[in-house]
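These are the residues of each chain, in order.
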Amino acid sequence: MFGLLVAQNIAFYVIAALIVFGALRVVTCKNLVHAALWLVLVLAGVAGQYILLAAEFVAVTQVLVYLGAIVVLFLFGIMLTRAKTGHDLELDNPTPAKVGAGVIGVLLLGVMGYALWDAWRGQELGDIVVQRTAEVSDSLFSTYLLPFEVISVLLLAALIGAIVLARRD
Amino acid sequence: MLAHLASFAWDAPSVDLHALAPEIVVAATLVVVLVIDAFTGEEQRWAASSVAGIGLLVALVPVATLAYDGATRVMFGGGYVVDDYALVLKALFLLSGYVVVLLSTNYIAEGDYWEGEYYQLLLASVLGMMVMASARDLISIFVALELLSIPAYMLAAWRKRDLKSDEAGVKYYLMGVFASAVMLYGMSVIYGYTGSTLLAEIAPRIGELVTSEPIITLGIVFVLIGFGFKVSAVPFHTWAPDTYEGAPTPVTAFLAVASKAAGFVALLNLIYVGFWGRHDVYEPLMWVLAALTMTIGNLIALRQTNVVRMLAYSGIAQAGYILAPLAIAGSSPEAADQALHSIVVYLLIYAAMNLGAFAVVMAVARKTRSAEIDTFGGLFSYAPGLTVAMSLFLFSLAGVPPAAGWFAKIGIFQALASAGDTSGYVLAVVVAVNSVIAFAYYGRLMRVMWMDDVPDGDTTPIRVPTSITAALVITAAVTLVIGVVPGVLTHFTDPINLLALGR
């Protein structure tokens, strides 16, 4: 058990470093398509962390929805519109905006990081509880039945509106 | 094999169809409008608006039967509650949705917009608001927020050949999803700490701490800020004026009234049921937000030359008044009770008077094709009825009897005074000063309408379509009746109580 936890911790930090690196590249690289591909690394890393936490259903959903649908949608959006796909030097903000964003980012990181560290420092996770996918579906169709149904209306409305706004008339 | 399957057996949730009937009627209406739209030709396009309006009125029937029944119905382990509070607000959303349909009928039909789809999105948004009124669970609240917001983002961009409308939609959308992201992070932190998404289970776990943990403070602040965007509280108001000006005017009325009310409903649910014990966190936040919102909203409203933008900033200021009682809600159960009632009463009256003001603006714009304040010059000489109605709504917004606004404002003052501490009294003074500032711009529009000359000398009377007349009659009647006999309203709002569930 101990060995497994050590391995898990090592894997966590390796994946976390990859996620942070990928996230930095998303905002710094000058090529829109490359940025979208770096985003794949970030999202896949998050899926990897879910697997380490034994949340298999969430991990699979993350891969299907974020990697399979959202990033592909980004790439289609970039390629089907007249956005530049190559190296683009204008893909950048003016320096004051960059400095401002950097300061706010570091401040937020500090506040949120401190709050998280303060709340859960010294707490051990104990045995990892594996949540079976069947349990997820059980709660989806009992406790969360109403939000589930509401989302179906939401998707219908989003579909109708997207067609109206996107079509040429 | 069967035994294996049986071991996965789950308890079917008990679904009270009577309690869900209003939502089911609205959802069914949406589907009917969709089907009618798909299978009829151009000449039957008017049907969409009629069916949508009728559907919203029919949904009031189960609301009335549930209110008559009077029992509090709790479903999904406390995640969905249908009580007097939820029913009053559902009736508000249905009625304001109906008035918006009335306002839209001619505007959408004559403007060559997509018609059936417009009403489908409107119905979806109203459905989201109704769910919000009953949601007592972080996930339901989030899903309801998305259902009411996403159709609204798209409706704001409905005049899609107009760049201003596109700007309105995109601005609203970007700010909205940003707020949603902040709010979701807050919710995830609260769930992580308490291990529950049910507000009634969150309350004891964060309330029993002597002082607030940083993580809880962070979570509560993030969640409340997310709804601060929705109710366009300063400094999260930047989207509101551009969106209000660019969006089709009936959509602006919808956003300024129903969507804002839904944001307040979510704030009430969260604060009263979930974060009740942490008044050391939300009270200062609400105090600052309320004071900033009303002051800055009023000061910028003073400088506006466009009536719709002026109403947008006046709406921001009004949001500040409505936020004010939340700043003292936690000081005692009596103050909490007063604050809840004053907010609900204010929301109901605000809906009537603001929708009415928008109805007049739309009726006048049909002739002048503009919403600049100057074009209202001499309105009394050729449209006395509209002028009197507008004056009634402006009196109400300013809080002058006999229009209903005075009763709403008195409620806010009573709530602020009921706390009996300095912060309440200071905030009451801020509200009073702001009410005086607000007189200036409401009064200016009034003076232009009654005293000024007609700008281009064109005094042909305005032909007001039947549906806008109906909307005007409804809103003016409500504004006047409540102003003269407030008991009509308090009869419905007195029994409401949110605290019973939180403790």
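This text follows the structure it describes.
Please read these numbers as outputs of a predicted model, since none were measured by experiment.

Q: Account for the packing of helix α5 (residues 84-110) of chain B against helix α6 (residues 116-134) of chain B, with residues named and values stated.
A: Angle between the axes and distance between the axes are the two parameters that describe a pair of packed helices. Residues and elements named next belong to chain B. One way to put it is that α5 packs onto α6 with a least axis distance of 9 Å and a crossing angle of 165 degrees. The orientation of α5 relative to α6 falls into the category roughly antiparallel. The crossing of α5 and α6 is right-handed. Only Tyr118, Tyr119, Leu122, Val126, Met129, Met130, Ala133 and Ser134 of α6 make contact with α5, whose side of the interface consists of Tyr85, Ala86, Leu89, Lys90, Phe93, Leu94, Gly97, Val100, Val101, Ser104, Thr105 and Ile108.

Q: Got a sec to walk through the packing of aromatic side chains? Specific residues and values, please.
A: Following the criterion strictly, the structure yields 20 aromatic pairs over all chains and no others. Relative to Tyr119 of chain B, the ring of Tyr118 of chain B lies with its centre 5.1 Å away and its plane at 85 degrees, an arrangement referred to as edge-to-face. Tyr119 of chain B shares its class with Tyr118 of chain B; the two are buried. Taken together, a centroid distance of 4.6 Å and an interplanar angle of 25 degrees make the contact between Tyr172 of chain B and Trp239 of chain B stacked. Linking Tyr172 of chain B in helix α8 (residues 163-194) with Trp239 of chain B in helix α11 (residues 239-246), this pair joins segments that are 67 residues apart in sequence. For Tyr172 of chain B, a relative accessible area of 3% corresponds to the buried category. Here a set of aromatic residues connected by ring pairs shows up, and it is made of Tyr153, Tyr172, Tyr173, Trp239 and Tyr244 of chain B. The residue whose ring lies beneath Arg121 of chain A is Trp117 of chain A, and the NZ or CZ to ring-centre distance is 4.8 Å. Taking the ring centre of Tyr382 of chain B as reference, the NZ or CZ of Lys367 of chain B above it sits at 3.8 Å.

Q: Describe in detail a nonpolar patch on the surface, supporting the description with residues and values.
A: Side chains of Val60, Leu64, Val65, Tyr66, Ile70 and Phe74 of chain A sit close together on the surface and give an oily, nonpolar patch of about 530 Å² of accessible area. We classify Leu64 of chain A as exposed; its relative accessible area is 59%.

Q: I'd like a rundown of the pattern of salt bridges, residues and numbers included.
A: Pairing between side chains becomes possible if they bear opposite charge and their charged atoms approach one another. Residue and element names in this part refer to chain B. Summed over all chains, the structure comprises 14 salt bridges over all chains. A salt bridge links Arg73 to Asp16; the shortest N-O distance between them is 2.7 Å. Of this pair, Arg73 sits in strand β1 (residues 73-75) while Asp16 sits in the loop between α1 (2-7) and α2 (17-39), and the two are 57 residues apart along the sequence. Take Arg73: its relative accessible area is 15%, and that puts it in the buried class. Using a relative accessible area of 23% as the deciding quantity, one classes Asp16 as partly exposed. Residue Arg366 pairs with Glu110 through a salt bridge whose shortest N-O separation is 3.0 Å. Of this pair, Arg366 sits in helix α15 (residues 333-368) while Glu110 sits in helix α5, and the two are 256 residues apart along the sequence.

Procedures and definitions
Residues numbered from 1 in each chain as written. Chains lettered and ligands numbered in written order. Predicted model: local features only at pLDDT ≥ 70, side-chain atom pairs only at ≥ 80, totals over all residues. Heavy atoms only, no water. Axes fitted to C-alpha atoms, helices over the stretch in contact; angles between N-to-C directions. Helix = DSSP H or I, 4+ residues; strand = E, 2+ residues; numbered from the N terminus. Parallel < 35°, antiparallel > 145°, perpendicular 65-115°, else oblique. Left-handed = near helix turned anticlockwise from the far one by under 90°. Contact = heavy atoms within 4.5 Å. Phe/Tyr/Trp six-rings, centres within 6.5 Å; stacked < 30°, edge-to-face > 60°. Buried < 20%, exposed > 50% of the residue type's maximum accessible area, 1.4 Å probe, protein only. Lys NZ or Arg CZ within 6 Å of the ring centre and 35° of its normal. Patch = residues over 30% accessible without salt bridge, like charges linked within 9 Å, V, L, I, M, F, W, Y side chains within 5 Å. Areas by Shrake-Rupley, 256 points an atom, 1.4 Å probe, with all protein chains shown as cover. Salt bridge = Lys/Arg side-chain N within 4 Å of Asp/Glu carboxyl O.

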